[in-house]
Amino acid sequence: LAGVISFSSQAFGQSGSKVLMIPREGYSPDLDLMIKMKVGVMNILLKNAGFGVDIATTSGSPIIGPTQKIEKVLRLVDIKLNDYVGVIMPCMAVGGFPGPPVSPEAVAIVKRALVDGKPVAAPFGSVIILAEAGLLKGKKYAFARDPLKTDENWKLTDTRFVGAIYSGQGVVQDGKIITSGACPNIEKGWGIENKTVQLTKTFIAAIGSK
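These lines cover the structure that appears in this document, whether it is placed above or below.

Cut-off values and rules
Residues numbered from 1 in each chain as written. Predicted model: local features only at pLDDT ≥ 70, side-chain atom pairs only at ≥ 80, totals over all residues. Heavy atoms only, no water. Pairing = 2+ DSSP bridges. Helix = DSSP H or I, 4+ residues; strand = E, 2+ residues; numbered from the N terminus. Contact = heavy atoms within 4.5 Å. Axes fitted to C-alpha atoms, helices over the stretch in contact; angles between N-to-C directions. Buried < 20%, exposed > 50% of the residue type's maximum accessible area, 1.4 Å probe, protein only.

Another point: the sheet that holds strand S6 (residues 74–75). Sheet strands associate in pairs through backbone hydrogen bonding, adopting either a parallel or an antiparallel arrangement. Overall, mixed pairing links the seven strands, which are arranged S6-S3-S2-S7-S8-S12-S11 in an open sheet. Single-partner strands in this sheet number two, and they are S6 and strand S11 (172–174). Sheet topology places strand S3 (residues 52–57) next to S6; two bridges connect them, and they run parallel. Among the inter-strand pairings, Ala56 is bridged to a residue of S6, identified as Leu74. Seen against the sheet, helix H5 (residues 196–208) touches strand S2 (18–21), strand S7 (87–88), strand S8 (120–123), S11 and strand S12 (177–180) and runs at an angle of roughly 175° to S12.

Spelled out as structure tokens, the structure:
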């Protein structure tokens, strides 16, 4: 049976606060897993903490896997960032480097969010959005591996991370930027522990801090 992740523009608790969720767009080898165990888990934790959740992408198209789907998706160009207390970006296992193009709308939103003092959380592939935006310069961040080092399996480096401080695979917070180096797909393929719960809880705590 198909599972539908339910998102609502109605805010819950926290004085009517809402969180903006921006999944990366592009081909995913395991969209069902990411909808259920990444987006779904984040959604549950945020709603249990009293937040409403809106999801938005560049296209605004429903996100549909073989059995899982997200039907209510807004367009990033229609988003009013003042309506949200923070931004969280599921990576959706769409690939690391070089991966699909990074959404310029997503880049603009995360830049504005951090200028406004709102926390931004990104696991694995979505950390690339922060790097693309130039927001990791001088900042500590997490990733599945150091994107500036090569080895027998990795022949390319990602120069968007030059000037940033690689700090391992776990959850790393530097100011209002929260990152982690693994998602459910990376856990399945590489054996690196998925940190979705810890990342989301750290993000929730950052919303409440000054």
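Let's pick the thread back up.
Turning to the pairing of S8, a few remarks are in order. Along a regular strand, successive side chains alternate from one face of the sheet to the other. Where burial is concerned, the two faces of S8 agree: the one with Val120 and Ala122 and the one with Ala121 and Pro123 are both buried. Across two bridges, S7 lies against S8 in parallel orientation. Considered in S8, the bridge of Ile88 is made with Ala121. Bridge count for S8 against S12 is four bridges, and the pairing is parallel. The residue bridging Pro123 from the neighbouring strand is Ser180, located in S12.

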